[in-house]
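Structural description and commentary
Okay, here's what each chain looks like letter by letter:
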Amino acid sequence: MFGNLSALPADPILGLLAKYRVDQNPNKIDLGVGVYKNEAGHTAILDCVKTAEKFRLETEDTKVYIGPAGSASYNDEMGKLVFGEHEILSQNRVRTVSTPGGTGALRVAAEFLRSCKPGATIWVSDPTWANHTGLFKAAGLTVKTYPYYDYENKSLKFDEMLATLSNVGKDDVVLFHACCHNPSGMDLNQVQWQKIVALAVENGFTPLIDMAYQGFGDGLDEDAYGVRLMAANVDEMVLCTSCSKNFGLYRERIGATTIIGKDVATTDIAYSVLLSVVRCIYSMPPAHGAAIVETILSSDELRQQWHEELAQMRNRINGNRQLLVDNLKAQGVERDFNFITSQKGMFSFLGITPEQVQQLQDEYSIYMVGSSRMSIAGIANSNVEYLAQSISKVL
Ligand code: LMR
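All values reported here derive from a predicted model rather than from experimental measurement.

So, the overall build of the protein
When its secondary structure is counted, the protein shows 16 helices and 13 strands. Against the 2.2 N^0.38 benchmark of 21 Å for 395 residues, the protein shows a C-alpha radius of gyration of 21 Å, consistent with a compact globule. In terms of overall dimensions, the protein has a C-alpha envelope of 65 × 55 × 55 Å along the principal axes. Here the protein holds 395 residues, and 54% of them are scored as buried. A total accessible area of about 17,700 Å² is found for the protein, and carbon and sulfur atoms account for 51% of it. In the protein, which carries 35 positive and 45 negative side-chain charges, the distance between the mean positions of the two groups comes to 4 Å.

Printed below as a string of structure tokens:
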């Protein structure tokens, strides 16, 4: 049986991590996978997470099965975090299941959408996160793209995006990034969200919003603007969230899939299908990450501490954006890289060729995705000069 298989290339993002780890160059820089790093290059556990874990260790009294939906309290807290004081919560049109990370949330969403309409078409931005396409295809969806990032002008192709989506009808799904677009860092502004939401209402396509970076753009509420606006206006939508980045819970694998239905009765039917999807893939989610998040979000003190730690991460990344641009200027690089400072979240495209990306890796031990997507959190005061010098050389 196994003899029928052909070897596949390493994942374009995770494969880089493996290469970086064995690189012996003391100057190596990891701008690959999207994880937050502090100034020392370490992905530390948040203090609020440490406190919540201690509390759970002392108070947890069973390891019995949790059920396909996961923790009800985590699901409620996530609803409040994402939607705030939103009318859809009081209308009882929201159902959430805890999932193994954001990727698990997307796979559950995709399988759910396939149950709604086998072979449904999902439209994703060009470009989008490298794993979106494979994941949706693996779940049996048909993937098409809409224009999004203008590589030449470092801007959004908003008119083209709108023109393509205006031909998408009610049987299709459209994937949006809530904030901190991965990989481009180019987000929709509020007026653009308003136009997209109006189109979704008019055409009736189903929005699937991927929100993996809430709090890394402008702030928790600001980053949820598009999600909340969409939820207030459409009859049905699906939302995938992740606690990997904003709670730093990467390896705990905790996220959520949320569905919003037209009314209570249809939402309940949809929820029964969602639970069955979960049962058929992994039965029920891991509980530890959810327990940490619900402990933090349900405590005024820990929630406040988390807000502060999240703001520190956000501010450091934004500072790194300016730091890189300043250092490139200091190296005498003439090309204009100012666009990096106005993009949001963990990523930006540097805008160099795949050959130059490879040269940075081979000759300078600087790792970024072949598209020149950089994880900005990997920049530090201690490595930015070497980084800017190396970029200047390959340019
Ligand atoms: C990334 O885009 O680097 C992250 O979302 C990690 C991943 O799983 O790809």
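Back to the text.
A word on the pairing of strand β8 (residues 206–211)
Within β8, 6 of the 6 residues are buried, leaving the element largely enclosed by the surrounding structure. In terms of strand pairing, strand β7 (residues 173–177) meets β8 through 5 bridges, oriented parallel. Paired with H177 across the two strands is D210, which belongs to β8. With helix α8 (residues 190–203) bridging β7 and its parallel neighbour β8, the resulting β-α-β unit is right-handed.

Brief notes about the packing of aromatic side chains
One pass over the full model with this rule turns up 11 aromatic pairs. Ring centres 5.6 Å apart and planes at 85° place the aromatic pair Y20 and Y367 in the edge-to-face group. With a gap of 347 residues between them, Y20 in helix α1 (residues 14–22) and Y367 in strand β12 (residues 366–367) connect regions that are remote in the sequence. Residue Y20 is classed as buried on the basis of its relative accessible area, which comes to 17%. On the basis of an interplanar angle of 40° and a centroid distance of 5.4 Å, the ring pair of Y149 and F349 is categorised as tilted. On the criterion of sequence distance, the pair formed by Y149 in strand β5 (residues 149–150) and F349 in strand β11 (residues 347–349) is long-range, its members being 200 residues apart. The pair Y149 / F349 is uniform in exposure class, with both members buried. Of the aromatic side chains, those joined through ring pairs into one cluster are Y146, F176, W193 and F205. A cation over an aromatic ring shows up here: K28 above the ring of Y20, its NZ or CZ 4.5 Å from the ring centre. Above the ring of F339, the side-chain terminus of K154 is found at 5.3 Å from the ring centroid.

A word on the domain arrangement of the protein
Parsing the protein into structural domains produces domain 1 (11–46 + 302–390) and domain 2 (65–298). Taken over C-alpha atoms, the centre of domain 1 sits 26 Å from the centre of domain 2. On the domain 2 side, the residues contacting the 26 residues of domain 1 number 29 residues. For the pair domain 1 and domain 2, the summed buried area comes to about 2,400 Å², and 66% of that belongs to carbon and sulfur atoms. Considering only the side of domain 1, the residues that lose the most area to domain 2 are W306, K344 and F349, jointly responsible for 28% of the buried surface there. Between the two partners, domain 1 and domain 2, sit 1 salt bridge.

Quick look at the side chain of R95
Counting through the fold element by element, R95 comes out in strand β2 (residues 94–99). At 2.8 Å, the side chain of R95 forms a polar contact with the side chain of D268.

A short note on the sheet that holds strand β10 (residues 255–260)
Read from one edge to the other, the open sheet built from 7 strands follows the order β2-β10-β9-β8-β7-β3-β4, with strand pairing classed as mixed. Either end of the sheet is taken by a strand with one partner, and the two such strands are β2 and β4 (142–147). With direction set aside, neighbouring strand axes in the sheet form an average angle of 25°. Judged from the 2 bridges that link them, strand β3 (residues 121–126) and β7 form a sheet pairing that is parallel. Bridged to I122 within β7 is V173. Along the sheet face, helix α3 (residues 72–83) touches β2, β8, β9 (237–242) and β10 and points at about 115° away from the line of β2. Together, β7, β8, β9 and β10 form the strand contacts of helix α10 (residues 225–233), whose direction differs from that of β8 by roughly 155°.

Quick notes on the rules
Residues numbered from 1 in each chain as written. Predicted model: local features only at pLDDT ≥ 70, side-chain atom pairs only at ≥ 80, totals over all residues. Heavy atoms only, no water. Helix = DSSP H or I, 4+ residues; strand = E, 2+ residues; numbered from the N terminus. Rg over C-alpha atoms; globule rule 2.2 N^0.38 Å. Buried < 20%, exposed > 50% of the residue type's maximum accessible area, 1.4 Å probe, protein only. Areas by Shrake-Rupley, 256 points an atom, 1.4 Å probe, with all protein chains shown as cover. Lys, Arg positive; Asp, Glu negative; His and termini not counted. Charge placed at Lys NZ, Arg CZ, Asp CG, Glu CD. Pairing = 2+ DSSP bridges. Right-handed = clockwise from strand over helix to strand, strands pointing away. Phe/Tyr/Trp six-rings, centres within 6.5 Å; stacked < 30°, edge-to-face > 60°. Lys NZ or Arg CZ within 6 Å of the ring centre and 35° of its normal. Domains from an automatic or database assignment. Contact = heavy atoms within 4.5 Å. Buried area = accessible area lost by both parts, 1.4 Å probe. Salt bridge = Lys/Arg side-chain N within 4 Å of Asp/Glu carboxyl O. Polar contact = N/O pair within 3.5 Å; in protein donor to acceptor, adjacent residues only side chain to side chain. Axes fitted to C-alpha atoms, helices over the stretch in contact; angles between N-to-C directions.

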